[in-house]
Amino acid sequence: MNNPYLPIPMIIRSITDEAATKDIKTFELAFLNKEDEKNFSYLPGQFAEISVLGSGEAPVGIASSPTERGILKFTIKWYPKGVVTNALHNMFAGDKIGIRGPFGNSFESKNIKNRSVVVIGGGFAFTTLRSLTTYMIHLNNRSKFKNITVIYGARSPGDLIYKKELEEWDKRDDMKLYVTVDKGDKDWKGREGFVPTVTGEVKPSAENAVAIICGPPIMIKFTIPKLVELGFSPENILNSLEMRMKCGIGKCGRCNIGGKYVCKDGPIFSLAELNDLPKEY
Amino acid sequence: MKEKILAKKDLSEFINKLVKEYDVFAPVKKDEGILFSKIDKVDDMCLSYSNTKNSVKEFLLPQSEALFRFVKKENSNEITDIKKKKRRNLLFGVRPCDGKAIAMLDKVFLENIPDSYYKNKRENILVIGMACNEPDQTCFCTSVDGGPFSTEGLDALFVELKEKYLIIPIAKQCGKLFAHLDTASQEDINYAEKLKKNAGKMLKPVFEIEGIKEKLDGMFESPIWETIYQKCTKCGICTYLCPACHCFDVQDETVGEKGCRVRNWDSCMFPKFTLHASGHNPRPTQRERWRQRIMHKFNYLKENTGLYGCVGCGRCVEHCPVNLDIRKVLKDILESK
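Residues numbered from 1 in each chain as written. Chains lettered and ligands numbered in written order. Predicted model: local features only at pLDDT ≥ 70, side-chain atom pairs only at ≥ 80, totals over all residues.

Participant: Looking at this structure, how should I read the overall build of chain B?
Facilitator: On a plain count of helices and strands, chain B comes out with 11 helices and 12 strands. For chain B, the C-alpha radius of gyration of 22 Å lies close to 20 Å, the compact-globule estimate for 337 residues. Counting only C-alpha atoms, chain B reaches 65 × 60 × 40 Å along its principal axes. When the 337 residues of chain B are sorted by exposure, 42% land in the buried category. Taking the intrachain contacts of chain B between residues at least 6 apart in sequence as the baseline, contacts between residues at least 24 apart amount to 70%. (Helix = DSSP H or I, 4+ residues; strand = E, 2+ residues; numbered from the N terminus. Rg over C-alpha atoms; globule rule 2.2 N^0.38 Å. Buried ≥ 20, exposed ≤ 12 C-beta atoms within 10 Å, placed from the backbone. Contact = placed C-beta atoms within 7 Å.)

Below, the structure is given as structure tokens:
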């Protein structure tokens, strides 16, 4: 019988520093067994439990897109008290780890196809949004979505992650990218301003559109009224939630918000769904 | 299968037969109290018990269970499976409340994505119940949809008559255990029925549970939670002894190079239960944790499985060091405006 607690063996292909603070790294993983690679099928928005033998497991959103064959990417912030993130941040390319998953629903489970998509991200919470954006603009998928707008902000230029991709996306004419920082430095030539303000200035159309927003709670709190002003209904505003988790399959009993489990009923919830749940997250 | 009869004097022979084929666990008197433990013969058992101190959930979800083993070597992530137990388990003398808890655990662990460790144990266990002729003071199964003669979650139920047991076979796999026994007479069945009525009378519901789920739907922000938790010392004994509580943690334990990934019972009463690595905790005080305990048992589980996460065994009532009585809490909730 299939054992949902056994990790799939993976090898770390590369580790990339994403931010000037050196505490956010992207781990590119490859499958050690071809069979596992074939069976691992996921969609943007899903997550996996990363397993480091001797340290344990931690749930992390998948930052790669299913269109990037053969690899999986996870962007992981180091937390001084996080046992697994500490272990990961002390590893090297070539080290072996494990993953379980994919778990949870996906952005696509929330009716985003054949519509315009507004992606709004803040700081390091851009990981599954990177997955989604990469997925949507892929040759095979671009026609399945109407206008694609990405608004991405961080505190400072050094806090922006995925800089290489941001540059590439900026050159494309089939999507609009707005990158902003709260405060620039002497080399910064781009936009300055908070994400909610920039969202208000960009004024993405709400017509047949869905807005997907991930970031610090304060950013989400001030961006939602802007979206409502622009005509986005609560059904068309999506969030991705995080919770302490263990099993990932709705058994261990700790990631619930009301009767919903973030691991299996989420992590993607519409604002309408969240409005019906207790405020315990 | 029809009801069967086993004379008390023949119980020893019956148990001896079981022991040959199964690892048999039954109530045993120990220093710590009456515990479900392995027995070899009928004399090991203590049959004058209201209920065991530990619930039988540990036979399906052990307090600490190895998921797999590994050796921490340079650049290796190889793991080895845990060897499965060869002999099947048989639990004898399970009270109907614990049986009902198994029925609820089955819904959580076998439905949607089945939990392979639980499933394997569940498929290799027989659960033989013992009806409660004389419920204890802390019992309240009839208040939470149960009963002292309930058969839910059990494979067979024994009812103690004067000099014999009436056996009610429930699951097919029990058939061969009782095939050789005499069929019960109508007189025996009637007598068991009388005992059932009698036990029911002793256990009048202390509150009307019907509608508690709907009532709790609107009570998340109720001021009632401000008072309920105040005495609580966060010891977690209520959740550890509860036959229905099943929340678990997963941790890696290592000694030198050798390691093991284990799952351990956890408790919503503990502050770390929901603590994020970032330091954020969505349930920062005992108020939210008590609310979670009540909501999980009487609202969320009811919504997700159709069953309550409380079977009225009374262990939490009996063992809480500060006498926090869940019956009183539920009564207060049901009577609140």
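That was the structure; now back to the text.
Participant: Hey, could you run me through the overall build of chain A in this one?
Facilitator: Scanning chain A from N- to C-terminus turns up seven helices and 15 strands. Taking 2.2 N^0.38 as the reference for a compact globule, 281 residues should give roughly 19 Å; the C-alpha atoms of chain A span a radius of gyration of 18 Å, in line with that estimate. In terms of principal-axis extent, the alpha carbons of chain A reach across some 50 × 45 × 40 Å. Burial statistics for chain A: of 281 residues in total, 48% are counted as buried. Put simply, of all contacts in chain A between residues at least 6 apart along the chain, 70% involve residues at least 24 apart.

Participant: Sorry, what's going on with the pairing of strand β3 (residues 47–52) of chain A here?
Facilitator: The side chains of a regular strand alternate, residue by residue, between the two faces of the sheet. Residues and elements named next belong to chain A. Extensive coverage of β3 is indicated by the burial of six of its six residues. Linking two consecutive strands that pair antiparallel, namely β3 and strand β4 (residues 56–61), is a turn of three residues; a positive phi of about 100° is found at Gly 54 within it. When β3 meets strand β6 (residues 96–103), the two strands line up antiparallel, connected through four bridges. Note that in β6 the partner of Glu 49 across the bridge is Arg 100. (Pairing = 2+ DSSP bridges.)

Participant: How should the domain arrangement of chain A be read in this particular structure?
Facilitator: It is common to give the size of an interface as the accessible area that goes away when the parts come together. All names here are of chain A. With domains assigned, chain A is organised as domain 1 (8–103) and domain 2 (107–240). Taking only C-alpha atoms, the centre of domain 1 and the centre of domain 2 are 24 Å apart. Facing 18 residues of domain 1, the contacting portion of domain 2 comprises 17 residues. Class assignment of the residues belonging to the side of domain 1 that touches domain 2 gives a composition of eight nonpolar, seven polar and three charged. (Domains from an automatic or database assignment. Nonpolar A, V, L, I, M, F, W, Y, C, P; charged D, E, K, R; others polar.)

Participant: It is not clear to me how the sheet that holds strand β15 (residues 268–270) of chain A should be interpreted in this structure. Could you clarify?
Facilitator: Picture the strands of a sheet paired through backbone hydrogen bonds; they go either parallel or antiparallel. Residues and elements named next belong to chain A. Strand order in the open sheet formed by seven strands is β10-β9-β8-β7-β11-β12-β15, and the pairing between neighbours is mixed. Every interior strand has two partners, whereas the edge strands, β10 (191–192) and β15, have only one. Here strand β12 (residues 237–240) pairs with β15 via three bridges, running antiparallel. Considered in β15, the bridge of Leu 238 is made with Ser 270. Each of β7 (116–122), β8 (148–154), β11 (209–214) and β12 is contacted by helix α3 (residues 127–136), which is oriented at about 150° to β7, the strand it contacts most. Running over the sheet, helix α5 (residues 195–202) touches β7, β8, β9 (176–181) and β10 and is turned about 150° from β8. (Axes fitted to C-alpha atoms, helices over the stretch in contact; angles between N-to-C directions.)

Participant: Sorry, what's going on with the interface of chain A and chain B here?
Facilitator: Contacts between the two partners involve 35 residues from chain A, matched on the other side by 38 residues from chain B. Of the residues forming the side of chain A that touches chain B, the biggest block, three residues, is contributed by β6 of chain A. Of the residues contributing to the side of chain A that touches chain B, the split by class is 13 nonpolar, 13 polar and nine charged.

Participant: Even after reading the chapter, I still don't get the packing of α5 of chain A against helix α6 (residues 217–229) of chain A, so can you show me in this structure?
Facilitator: When two helices pack together, their arrangement is given by the angle between the helix axes and by the axis-to-axis distance. All names here are of chain A. Two elements in contact, α5 and α6, have axes separated by 8 Å at closest approach and are oriented at 15°. Classed by the angle they form, the pair α5 and α6 counts as roughly parallel. In the packing of α5 onto α6, the handedness of the crossing is right-handed. Taken together, the residues of α6 that come into contact with α5 (itself represented by Val 195, Pro 196, Thr 199 and Gly 200) are Met 219, Phe 222, Thr 223, Lys 226 and Leu 227. Across the contact of α5 with α6, the residue classes tally to five nonpolar, three polar and one charged. (Parallel < 35°, antiparallel > 145°, perpendicular 65-115°, else oblique. Left-handed = near helix turned anticlockwise from the far one by under 90°.)

Participant: Before we go on, may I ask you to explain the confidence of the model for chain B in this structure?
Facilitator: Regions with low pLDDT carry predicted coordinates that are not meant to be interpreted in detail. The predicted model of chain B averages 95 in pLDDT, with 100% of residues at 70 or higher. Complex prediction metrics read pTM 0.94 and ipTM 0.92. (pLDDT = per-residue confidence, 0-100.)

Participant: It is not clear to me how the sheet that holds strand β3 (residues 33–39) of chain B should be interpreted in this structure. Could you clarify?
Facilitator: Residue and element names in this part refer to chain B. Ordered in space as β3-β2-β6-β7-β8-β9-β1-β10, the eight strands form an open sheet in which the pairing is mixed. Among the strands making up the open sheet, the edge pair consists of β3 and β10 (182–183). Together, β6 (88–94) and β7 (125–130) form the strand contacts of helix α2 (residues 96–110), whose direction differs from that of β7 by roughly 145°.

Participant: How do you make sense of the nonpolar core when you look at a structure like this?
Facilitator: Soluble globular proteins: nonpolar side chains tend toward being buried together. Residues Ile 50 of chain A together with Leu 91, Ile 128 and Val 159 of chain B are the most contacted members of the largest nonpolar core, which totals 118 residues. At seven residues, the largest contribution of residues to this core is made by α2 of chain B. The contact partners of Ile 50 of chain A, leaving out residues within four places of it in the chain, are Glu 57, Ala 58, Val 60, Phe 74, Val 84, Ile 97 and Ile 99 of chain A. Listed in part, the 44 residues of the second largest apolar core include Val 117, Trp 169, Val 181 and Ile 224 of chain A. (Core = buried A, V, L, I, M, F, W, Y, C linked by C-beta atoms within 7 Å.)

Participant: So what exactly am I meant to see when it comes to the domain arrangement of chain B here?
Facilitator: Residues and elements named next belong to chain B. Considered domain by domain, chain B is made up of domain 1 (4–202) and domain 2 (212–335). One C-alpha centre belongs to domain 1, the other to domain 2, and the line joining them spans 25 Å. Taken together, the 35 residues of domain 1 in the interface contact 29 residues of domain 2. At the level of secondary structure, the elements contributing two or more residues to the side of domain 1 that touches domain 2 comprise β4 (64–71) and α2. Examining the composition of the side of domain 1 that touches domain 2, we find that nine residues originate from one element, α2, more than from any other.

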